[in-house]
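So the chains spell out like this:
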Amino acid sequence: METVEQKSLTRSNFMIRIVVIVIGAIISAYGITLAIGAGYGSATLAVLWQGVAHTFSVSLGMSSGVIAAIMIIVVFFYDRKQIHVGTFLYQIIYSFFVDVFGGLHRYPANAYINFGVMVIGIVIFAVGTGMYASAKLGRGSYEAVTFAIAEKNHFSIRIVRIISDIVIVFIGFLLGGKIGVCTCVTILLSGPMIQTSNKISSALFRFR
């Protein structure tokens, strides 16, 4: 039987994880909108959103919601421990701040500077993603798929993310999504950066 102190510590730890998820989701939203707005195409998952929206004549928001729901359902049956309160909290916070940040960024006319901004945005996105994933209270829909496959099969998160990015971009492209430099850089950078951020955040906050 747990003591009052143990329960208090558990409750405190839970709240810290919730805060980390919220901050990580906000950072991810800022990074992805910064990268996409730089004018070098869409990030990986956004290519699939565009493809589905184009093929089925639905809005981008509807497309992203349906894809997220499908991924969550698949993970629920494959590795349901990936799904928790954080899965839904992340989706709500992330979607809200994507809309907030989407109209705030301002970019210079210099293409080289914008390219650097795009890369920085992708890195920020990956840092935020690894951060909220480290809280282990469920993951976002796409991250849930990535971590489920990696952890169930003892694969590298980096490799799984790169391969899944390629598959998603390919399907999105076939459906009419737009590929750009941002897509390629996201595939190359996001996997390693997410894995590194996840390890650092887990150690920093002592999440197990």
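The structure this text deals with has already been given above.
Remember, predicted model here, so these are calculated numbers, not experimental data.

**Section: a nonpolar patch on the surface**
Together, Phe56, Val58, Met62, Val66, Ile70, Val74, Tyr78, Ile149 and Phe155 make up a nonpolar patch on the protein surface, roughly 830 Å² of accessible area in all. Considering each element in turn, the nonpolar patch owes the most residues, 5 residues, to helix α3 (residues 60-79). As for its position among the elements, Met62 is in helix α3.

**Structural notes on unusual backbone geometry**
For Ser57, which is not glycine, the phi dihedral falls at a positive 55°. Checked against the element boundaries, Ser57 lands in the loop between α2 (44-56) and α3. On the basis of relative accessibility, which here comes to 67%, the residue Ser57 falls in the exposed class. Residues other than glycine seldom take positive phi values, yet His154 does so here, at roughly 60°. Note that His154 resides in the loop between α6 (141-153) and α7 (157-174).

**Focus on the packing of α2 against α7**
Relative to each other, α2 and α7 sit at 25°, their axes nearing to 7 Å. When the axes of α2 and α7 are compared, the pair comes out roughly parallel. With respect to the hand of their crossing, α2 and α7 are arranged in left-handed fashion. Residues Thr44, Leu45, Val47, Leu48 and Gly51 of α2 pack against Asp165, Ile168, Val169, Ile171, Gly172 and Phe173 of α7. A breakdown of the residues in the contact of α2 with α7 according to their chemical character gives 7 nonpolar, 3 polar and 1 charged.

**Some words on the packing of aromatic side chains**
Here the structure, examined in full by the defined rule, presents 7 aromatic pairs. Ring centres of Phe97 and Phe101 lie 5.5 Å apart, and the angle between their planes is 35°; this geometry places the pair in the tilted category. In this pair, Phe97 and Phe101 are both assigned in helix α4 (residues 85-102), 4 residues apart and thus about one turn of the helix distant. Take Phe101: its relative accessible area is 15%, and that puts it in the buried class. One aromatic cluster in this structure is built from Tyr30, Phe96, Phe97 and Phe101. The side chain of Arg80 reaches across the aromatic face of Phe76, ending 4.2 Å from its centre. Positioned above the aromatic ring of Tyr78 is the side chain of Lys152, whose terminal nitrogen or guanidinium carbon lies 5.9 Å from the ring centre.

**Focus on the side chain of Gln82**
Following the sequence through the fold, Gln82 ends up in the loop between α3 and α4. At 3.0 Å, the side chain of Gln82 and the side chain of Asp79 are in polar contact. Excluding its chain neighbours within four sequence positions, the residues that come into contact with Gln82 are Val75, Thr87, Gly138, Arg139, Ala144, Phe147, Ala148 and Glu151.

**Focus on α7**
With 18 residues, α7 ought to run about 26 Å at 1.5 Å a step, and its terminal C-alpha atoms sit 26 Å apart, in line with that. Every buried residue belonging to α7 is among Ile157, Val160, Arg161, Ser164, Asp165, Ile168, Val169 and Gly172, and all of these are buried. Projected onto a plane normal to the axis of α7, the buried residues spread over an arc of 155° and lie on a single side. In α7, the exposed positions that point more than 90 degrees away from the buried face belong to Ile163, Phe170 and Leu174. The backbone nitrogen of Arg158 has a side-chain oxygen 3.2 Å away, supplied by the residue at the start of α7, namely Ser156.

**Points about the nonpolar core**
The biggest cluster of nonpolar side chains holds 17 residues, and the ones touching the most others in it are Val20, Ile21, Ala25, Ile32, Tyr90, Tyr94 and Ala135. Those elements that place two or more of their residues in this core are α1 (4-36), α4 and α5 (111-134). Among the elements that take part in this core, α1 stands out by supplying 6 residues, more than any other. Among all residues touching Ile32, those that are not within four sequence positions of it are Ala43, Tyr94, Val98, Gly121 and Phe125. Core analysis: the next-biggest nonpolar cluster, separate from the first, contains 9 residues, Leu48, Trp49, Ile67 and Ile168 among them.

Calculation notes
- Residues numbered from 1 in each chain as written.
- Predicted model: local features only at pLDDT ≥ 70, side-chain atom pairs only at ≥ 80, totals over all residues.
- Heavy atoms only, no water.
- Patch = residues over 30% accessible without salt bridge, like charges linked within 9 Å, V, L, I, M, F, W, Y side chains within 5 Å.
- Areas by Shrake-Rupley, 256 points an atom, 1.4 Å probe, with all protein chains shown as cover.
- Salt bridge = Lys/Arg side-chain N within 4 Å of Asp/Glu carboxyl O.
- Helix = DSSP H or I, 4+ residues; strand = E, 2+ residues; numbered from the N terminus.
- Buried < 20%, exposed > 50% of the residue type's maximum accessible area, 1.4 Å probe, protein only.
- Axes fitted to C-alpha atoms, helices over the stretch in contact; angles between N-to-C directions.
- Parallel < 35°, antiparallel > 145°, perpendicular 65-115°, else oblique.
- Left-handed = near helix turned anticlockwise from the far one by under 90°.
- Contact = heavy atoms within 4.5 Å.
- Nonpolar A, V, L, I, M, F, W, Y, C, P; charged D, E, K, R; others polar.
- Phe/Tyr/Trp six-rings, centres within 6.5 Å; stacked < 30°, edge-to-face > 60°.
- Lys NZ or Arg CZ within 6 Å of the ring centre and 35° of its normal.
- Polar contact = N/O pair within 3.5 Å; in protein donor to acceptor, adjacent residues only side chain to side chain.
- Expected span 1.5 Å × (residues − 1).
- Arc of directions from axis to C-beta.
- Core = buried A, V, L, I, M, F, W, Y, C linked by side-chain atoms within 4.5 Å.

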